[in-house]
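Given next are the chains, with one letter for each unit.
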Number of protein chains: 2
Amino acid sequence: MKLTPLIKATMAFAVTAALPLVASANDELLKLQQDSKQWVIPAGNYSSTRYSELSQITKDNVKNLQVAWTFSTGVLRGHEGGPLVLGDTMYIHTPFPNVVFALDLNDSGRVIWKYEPKQDPDTIPVMCCDTVNRGLAYADGKIFLHQADTTLVALDAKTGKEIWKTVDNDPKKGATGTDAPLVVKDKVLIGISGGEFGVRGYLAAYNISDGKLAWRAYSMGPDSDTLLDPDKTTNLGKPVGKDSGTATWQGDQWKIGGGTTWGWYSYDPQLNLVYYGSGNPSTWNPKQRPGDNRWSMTVFARDADTGMAKWVYQMTPHDEWDFDGVNEMILADVDVGGTTHKALVHFDRNGFGYTIDRVNGALLVAEKYDPAVNWATHVDMKTGRPEVVSQYSTDQNGEDVNSKGICPAALGSKDQQPAAYSPKTKLFYVPTNHVCMDYEPFRVSYTAGQPYVGATLSMYPAPGGTNLGNFIAWDAGTGKIKWSDPEPFSVWSGALATAGDVVFYGTLEGYIKAVDPDSGKELWRFKTPSGIIGNINTYEHNGKQYIAVLSGVGGWAGIGLAAGLTEDTAGLGAVGAYKALSNYTQLGGVLTVFALP
Amino acid sequence: MKLTPLIKATMAFAVTAALPLVASANDELLKLQQDSKQWVIPAGNYSSTRYSELSQITKDNVKNLQVAWTFSTGVLRGHEGGPLVLGDTMYIHTPFPNVVFALDLNDSGRVIWKYEPKQDPDTIPVMCCDTVNRGLAYADGKIFLHQADTTLVALDAKTGKEIWKTVDNDPKKGATGTDAPLVVKDKVLIGISGGEFGVRGYLAAYNISDGKLAWRAYSMGPDSDTLLDPDKTTNLGKPVGKDSGTATWQGDQWKIGGGTTWGWYSYDPQLNLVYYGSGNPSTWNPKQRPGDNRWSMTVFARDADTGMAKWVYQMTPHDEWDFDGVNEMILADVDVGGTTHKALVHFDRNGFGYTIDRVNGALLVAEKYDPAVNWATHVDMKTGRPEVVSQYSTDQNGEDVNSKGICPAALGSKDQQPAAYSPKTKLFYVPTNHVCMDYEPFRVSYTAGQPYVGATLSMYPAPGGTNLGNFIAWDAGTGKIKWSDPEPFSVWSGALATAGDVVFYGTLEGYIKAVDPDSGKELWRFKTPSGIIGNINTYEHNGKQYIAVLSGVGGWAGIGLAAGLTEDTAGLGAVGAYKALSNYTQLGGVLTVFALP
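Criteria and cut-off values
Residues numbered from 1 in each chain as written. Chains lettered and ligands numbered in written order. Predicted model: local features only at pLDDT ≥ 70, side-chain atom pairs only at ≥ 80, totals over all residues. Heavy atoms only, no water. Pairing = 2+ DSSP bridges. Helix = DSSP H or I, 4+ residues; strand = E, 2+ residues; numbered from the N terminus. Axes fitted to C-alpha atoms, helices over the stretch in contact; angles between N-to-C directions. Contact = heavy atoms within 4.5 Å. Buried area = accessible area lost by both parts, 1.4 Å probe. Salt bridge = Lys/Arg side-chain N within 4 Å of Asp/Glu carboxyl O. Nonpolar A, V, L, I, M, F, W, Y, C, P; charged D, E, K, R; others polar. Least-squares fit on C-alpha atoms with pLDDT ≥ 70 in both. Buried < 20%, exposed > 50% of the residue type's maximum accessible area, 1.4 Å probe, protein only. Polar contact = N/O pair within 3.5 Å; in protein donor to acceptor, adjacent residues only side chain to side chain. Phe/Tyr/Trp six-rings, centres within 6.5 Å; stacked < 30°, edge-to-face > 60°.

Our next topic: the sheet that holds strand E30 (residues 427-433) of chain A. All names here are of chain A. Ordered in space as E29-E30-E33-E34, the 4 strands form an open sheet in which the pairing is antiparallel. In this open sheet, the two strands that pair with only one neighbour each are strand E29 (420-422) and strand E34 (480-487). When the angles between neighbouring strand axes are averaged without regard to direction, this sheet yields 20 degrees.

So this is what it looks like as structure tokens:
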């Protein structure tokens, strides 16, 4: 973790002007993402709306959707993320060993090239929640892959040949790569996984031209590490003050403090700000780390060129439940109380749906998007702090006490599976979990590369039913659920909204479903080979709209199946709740592409 | 291999009368296979025609065929065989570890039960040509599985619970199970794999009620082992004479003589005869085993109750090319020169299509079904012997001499992938290879459980083109190709013919194709997740006709992909020829079910 000298060096580098070549790469990416025929960014666009202007597939004809072609990746276990499409080529990726394929759309997915990194299989055991990878990034003729072993590699998009690669961190210390990179201007951004191993999180920016580190901004640590300006970086409108990233930690605990950054990154080109969230503070035993544990569980808005934070907002100070804040930040114009804001909408693991002014970080709305949420009564809109319910405070209940009936469970009312936003309906379509838990913290000591969890969990459906998930429509202006479709299992797939007035999502049993954006009424479903934890994308090719999704059950919810675990409390408490999943699906790894006849 | 005392004991047992319960199991199976809505026998029926009376899907509407649902088996590598369908349930199987699933047809393949045998992974290295399994058998409320480790298990078809299991042989000696069992009356028949390990082949019959061995009939050995009657068993009309299964071997070589029986078994209920073929003599170095090596490479007609052979016919005496005789025997009425015969039609690895009178074993037609075949000029219709061309005789050329340009290659003009026969067109639809080889025999010594191959091979497309396969229509009465559709790779999938005037087959790239039975014209194609080496089946459910196929590339042709081999001569010479396959497909294991909209 001794990367500080490197950071200092590269901070200086970061202020140099972008090269002309590189600026054009950014222009290309901006232009490409405005062309709905392509799908060039994991979330569809910098705003992470997962919305497409394509409208051939409509709510009237979606019932006729059929499979156009399929492609097995040759890898089993959880397939998160989704394909990129550029022109005649589709790029897909797999879980460990993170194979990348370029597939020919003119020939039913013939393999143009295949890239298979050589990675040490010892990386697998330090991947907390399946061997997932959330996807690729494209820019400047390159495909970027963040490997499980933290290597960031740039491949020639035409040939698959390595252009450069750089090792970002060390799996032997529990650090792994699971996220999809995001290219902004001349840099490719990646985060890090490993909050269950005491890894200290950061967002790192590498030059797309040569793979040199431009800047690295930690979630916690001194200001030189966090790239927080004591005076200029604000928290709900106030300056954060000096060394805010160490002040709420006991001693040096921030060095193994978590706050990892394995989710999604959004970007506002006008504001030149990158948005993302940090994860749980390490360990999961809150008694061991008194204080607010800043800036774990925090939304960051950072300057894309320098990494300096413009504002921060900590959603869950002093986490007691593993409510990582890494879920996607969706950038949209949202009307709150009659005023339209340049907003950031975020469905946090903690069960609150946040609407935040993305210019200044002002908190506009914070409401529960699952009625089961009980760990806090509400969020105080002045302080931004949740009002914690004592009964569900694992810190107040103490070590070796099993706090029962906490909602949501550690995997949240929603995990990383990204929601979609339709500017037509002005609604957010959110894949959710409806799961509660018992949580018993215990004392744990830190050893590099060893689990640093410190809690035993078990999970089960929220009271009053057996369904473990809902797919919901959310009004971010009022903080209200518009409609809610119950699902037997958590919805662990990313959603897609389209101008054809259809919203798509996948289920853990393996169904891809199309629903009416206004009512949630099911319009169509199809059983793919395996459970879907991938994100549904769309593109147009030769004048025809396609829908594409990776199936392959796994992820945290599917870890029992993926890793062959059977103990109820295994898989960080998830295995018990999802046992019935094996009655519906088995491991897989298949791309399925749909089109109208 | 010392099973002889057991055989003797069970031979006595075999002559006792069948129990009434057991007779009804046979009646049920006869009745079920006449109901086209079901698919209760791997080959569709006892005659192995792979023909269905279902006619909803026609040559006019097949272009509208679409995917109804899919199911990932959770296992990669080669998926041979195909599903069974009984009522509302589909039964599928996987390669090693030979998982069996019962899937609910009323709920898009929900898992009713799953059976996963515990098998020693050390079995995998003794499986010569991928970890394949060719399917399940049904009778009397039981599903029968012949595991890789040679265990034969009877499962309760409703629950998947083991009813009985019995260990047939020993993988430590190179013996493995890859075949689909066939139930005939009160017995379930299995063969054995391991010709590349000097395993001595046999057909074994176990009682379906309790798993006790009823009889075992070896391919070679004394008459008490082979169940050949010196006087009554005939070879082209003449009695075979005493100990014909040892007389053409040097010394005790028959004990490690191969003649394994890993293909398909057919049955004629009127004649009460079971038909099947035996494989290559061991070793592949012909110099080491002078003589005809009877009864390797032989078609057997055996009494289903006793195992006693009625007739035999050796297609390739003293094999010099690994032309196993295990391919399916299709029972059909065939007009030869104006006379209709109860015939057996067999497309042998050696490249000859045989039409044989199945009552008495008389040879009616023996013609090349791939024009590339060059190792023999013709079959002498009097002696039944092929006229070997010296240039391609690996025995005449001798040890450590590379005989070049032999056609077909060791994997034959066709391997185990079964052909179909349509009584409407009276044509046979045959998946074929169009591959030649260089073959260099060398001296090898036998060690139990170690490879006993004794030849180095390399394979390549037949001269004059690059295509490695053809899908052909064959007139078995005249021995002529009616039409031939070239394919870039060997056609390694089983075919299906239907009363709807459509013929289906799969390709190694992963396409399932429908063609016109009269012209071979392609009517429809769809790219399944992985290369198809499974057999295409059809059934009707709730009034709708379905087509089902397992994709999952592998088998001998796909062994390079399946086992990650790259050396051209690896995989018994197959790897080099099929290298380009990875440009089209990757490992998989997915059931795809099709229907009209």
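That was the structure; now back to the text.
Now for the interface of chain B and chain A. The partner chain A presents 32 residues to the 32 residues of chain B that form the contact. A combined buried area of about 2,300 Å² lies between chain B and chain A, and 53% of that area is made up of carbon and sulfur atoms. Summed over the shared surface of chain B and chain A, the result is 0 salt bridges. Breaking the side of chain B that touches chain A down by element, the ones donating at least two residues are strand E2 (66-72), strand E7 (110-115) and strand E38 (522-527) of chain B. Taken together, the residues of the side of chain B that touches chain A break down into 15 nonpolar, 13 polar and 4 charged.

Turning next to the relation of the copies chain B and chain A. Least-squares fitting of chain B to chain A yields an RMSD of 0.0 Å, with the superposition described by an axial translation of 0.0 Å and a rotation of 180 degrees. Put plainly, the chains are arranged around a two-fold axis. Interface overlap between copies: 100% of the residues of chain B at the interface are likewise at the interface in chain A, consistent with a symmetric, same-surface contact.

Residue and element names in this part refer to chain A. Tracing the sequence through the fold places Trp264 in the loop between helix H4 (244-247) and strand E18 (266-268). Here Trp264 falls in the buried class, since its relative accessible area comes to 6%. Put simply, Trp264 and Ser48 are 216 residues apart on the chain and 8.6 Å apart in space, counted from C-alpha to C-alpha. Not counting chain neighbours up to four residues away, the residues in contact with Trp264 comprise Pro42, Arg134, Ala180, Tyr275, Tyr276, Val326, Glu328, Gln416, Pro418 and Asn535. Of the polar contacts made by the side chain of Trp264, one reaches the backbone oxygen of Gln416; its length is 2.8 Å.

Another point: the packing of aromatic side chains. Counted according to the given criterion, the structure contains 58 aromatic pairs over all chains. Geometrically, the ring pair formed by Phe352(A) and Trp375(A) is edge-to-face, given 6.0 Å between the ring centres and 85 degrees between the ring planes. Within this pair, whereas Phe352(A) is found in strand E24 (residues 352-357), its partner Trp375(A) is found in the loop between strand E25 (363-368) and strand E26 (376-379), the two being separated by 23 residues in sequence. Taken as a pair, Phe352(A) and Trp375(A) share a single burial class, namely buried. Where Trp284(B) meets Trp556(B), the ring centres are 6.3 Å apart and the plane angle is 50 degrees; that geometry is what we call tilted.

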